[in-house]
Amino acid sequence: MQTDSAISHPSDTLRPVSVRKGRLATVVVGESVFYAGSMAFLQFIWYKDDARVPFTFYNDAAGYLQVDKFGHAYGAYMGSYLGYHALRWAGIPKKKALLYGGTLGFVLQAPIEIWDGLYEGWGFSWSDIGANAAGTLLFLLQEHYFDEQRVRLKFSFAASPYARQANGYLGSTWLGEVFGDYNGHTYWLSIGLNRIIRSQKIPDWLCLSVGYGANGLFGEFQNLRFYRGSIPETQRYRQFLLSLDIDWTKIKTRRPFLKKVFNSMFMLKIPLPTIEFNTKGQIRGHGMYF
């Protein structure tokens, strides 16, 4: 019997897969509307105050201590994950789902880079393209060879004290800070702990997570000292983090609603005790790190 789960599927080599046309139509229409809406947002809102210019390139590989690049990889990974599982939910065989859905993260983000190249103050970034490709490849290679995501790319955010000192430069609302304050971003690679320490006593859902973030960022390459008022001088530094995590998709439950809730949390890192190593030479412990 074919499962309805968007996480596990029968092997295409063992039994035929029946395409569910209603579901497929839902996926195609949903993705088309999302794509059209995204392009409209870029043209009429995001770039509305920027002048069109001849296509230009922009090297921002060192910007924001690479936190921005992790964000690009995360977005591509998430888009590919969702695109693949949406097609599998619709009954599309694995190979085709990988081709048309597993590449979706990269495909959706590529036009943004092209648009950046056409507007003043922006520019086409090869490092952004590389980060997008890395996120999609992280998903594709694991799904192709392992039929699962053994290493998951996750994200956590906590409002940083820097946003309150930036006079709106890092965002003036919580949502604005999520997009504009890289000090609050942390990106994690989580792997099942029982894949590292072979023991049946360790539950499948318990993970070891390695994180990366940065602090002291009041600008892309160097900090601003003035924006609608003075901005305090701070030291820019990197953070390397070690923590535990939960893979919600591995938690077993007989309740369909709970299963859907758990599956929807597949790329969020929850706050747990964390050890921080940073480029200021510090080793710090956090009771609950967001």
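Everything below is about the structure shown above.
Definitions and limits used
- Residues numbered from 1 in each chain as written.
- Predicted model: local features only at pLDDT ≥ 70, side-chain atom pairs only at ≥ 80, totals over all residues.
- Heavy atoms only, no water.
- Helix = DSSP H or I, 4+ residues; strand = E, 2+ residues; numbered from the N terminus.
- Buried < 20%, exposed > 50% of the residue type's maximum accessible area, 1.4 Å probe, protein only.
- Contact = heavy atoms within 4.5 Å.
- Polar contact = N/O pair within 3.5 Å; in protein donor to acceptor, adjacent residues only side chain to side chain.
- Core = buried A, V, L, I, M, F, W, Y, C linked by side-chain atoms within 4.5 Å.
- Salt bridge = Lys/Arg side-chain N within 4 Å of Asp/Glu carboxyl O.
- Phe/Tyr/Trp six-rings, centres within 6.5 Å; stacked < 30°, edge-to-face > 60°.
- Lys NZ or Arg CZ within 6 Å of the ring centre and 35° of its normal.

Peer 1: Lay out the environment of His 286 in plain terms, naming residues and giving numbers.
Peer 2: Positionally, His 286 belongs in strand S6 (residues 283-289). For His 286, a relative accessible area of 18% gives the class buried. Discounting residues that sit within four places of it in the chain, His 286 has contacts with Pro 273, Thr 274 and Glu 276. Side chain to side chain, His 286 and Glu 276 meet in a polar contact 2.7 Å long.

Peer 1: Any details on unusual backbone geometry? Residues and values, ideally.
Peer 2: Phi is positive for Tyr 64, close to 50°, though the residue is something other than glycine. Tracing the backbone shows Tyr 64 in the loop between helix H1 (21-46) and helix H2 (67-89). Residue Arg 228 is not a glycine yet carries a positive backbone phi of 55°. Among the structural elements, Arg 228 can be located in the loop between strand S3 (206-215) and strand S4 (237-246). Exposure remark for Arg 228: the relative accessible area of 66% places this residue in the exposed category.

Peer 1: Lay out the nonpolar core in plain terms, naming residues and giving numbers.
Peer 2: Taken as a class, soluble globular proteins show a tendency for nonpolar side chains to be buried jointly. One finds Val 67, Tyr 74, Phe 139, Leu 217 and Met 267 to be the most contacted residues of the largest nonpolar core, which totals 27 residues. Only H2, helix H3 (94-100), helix H5 (126-146), strand S1 (151-157) and S3 provide two or more residues apiece to this core. Looking at which element gives the most residues to this core, the answer is H2, with seven residues. Dropping the residues within four chain positions of it, Val 67 is found in contact with Tyr 182, His 185, Tyr 187, Tyr 212, Gly 213 and Ala 214. The next biggest cluster of nonpolar side chains, apart from the first, holds seven residues, and it includes Ala 163, Ala 166, Leu 170 and Tyr 237.

Peer 1: If you had to explain the pattern of salt bridges to someone new, which residues and values would you point to?
Peer 2: The final tally for this structure, using the stated rule, is 13 salt bridges. The closest approach of N and O atoms between Lys 69 and Asp 68, which form a salt bridge, is 2.9 Å. If you follow the salt bridges from partner to partner, you end up with Glu 148, Arg 150, Arg 152, Arg 195, Asp 247 and Lys 250 in one network.

Peer 1: Quick one: what's the story with the packing of aromatic side chains, residue by residue and with numbers?
Peer 2: Note on aromatic pairs: each is described by the distance of the centres and the angle between the planes. Counted by the stated rule, this structure contains 24 aromatic pairs. On the basis of an interplanar angle of 10° and a centroid distance of 4.4 Å, the ring pair of Tyr 47 and Tyr 119 is categorised as stacked. With a gap of 72 residues between them, Tyr 47 in the loop between H1 and H2 and Tyr 119 in the loop between helix H4 (104-116) and H5 connect regions that are remote in the sequence. For the pair shown, Tyr 47 and Tyr 119 are each scored as buried. Ring centres of Tyr 74 and Tyr 187 lie 6.0 Å apart, and the angle between their planes is 55°; this geometry places the pair in the tilted category. Separated by 113 residues along the polypeptide, Tyr 74 in helix H2 and Tyr 187 in strand S2 (residues 185-192) bring together distant segments of the chain. A single burial state applies to Tyr 74 and to Tyr 187, both of which are buried. Grouping aromatic residues by their ring pairs yields a cluster made of Phe 70, Tyr 74, Phe 155, Tyr 187, Tyr 212 and Phe 240. In this arrangement the basic side chain of Arg 150 is found over the ring face of Phe 146, its NZ or CZ atom lying 4.0 Å from the centre.

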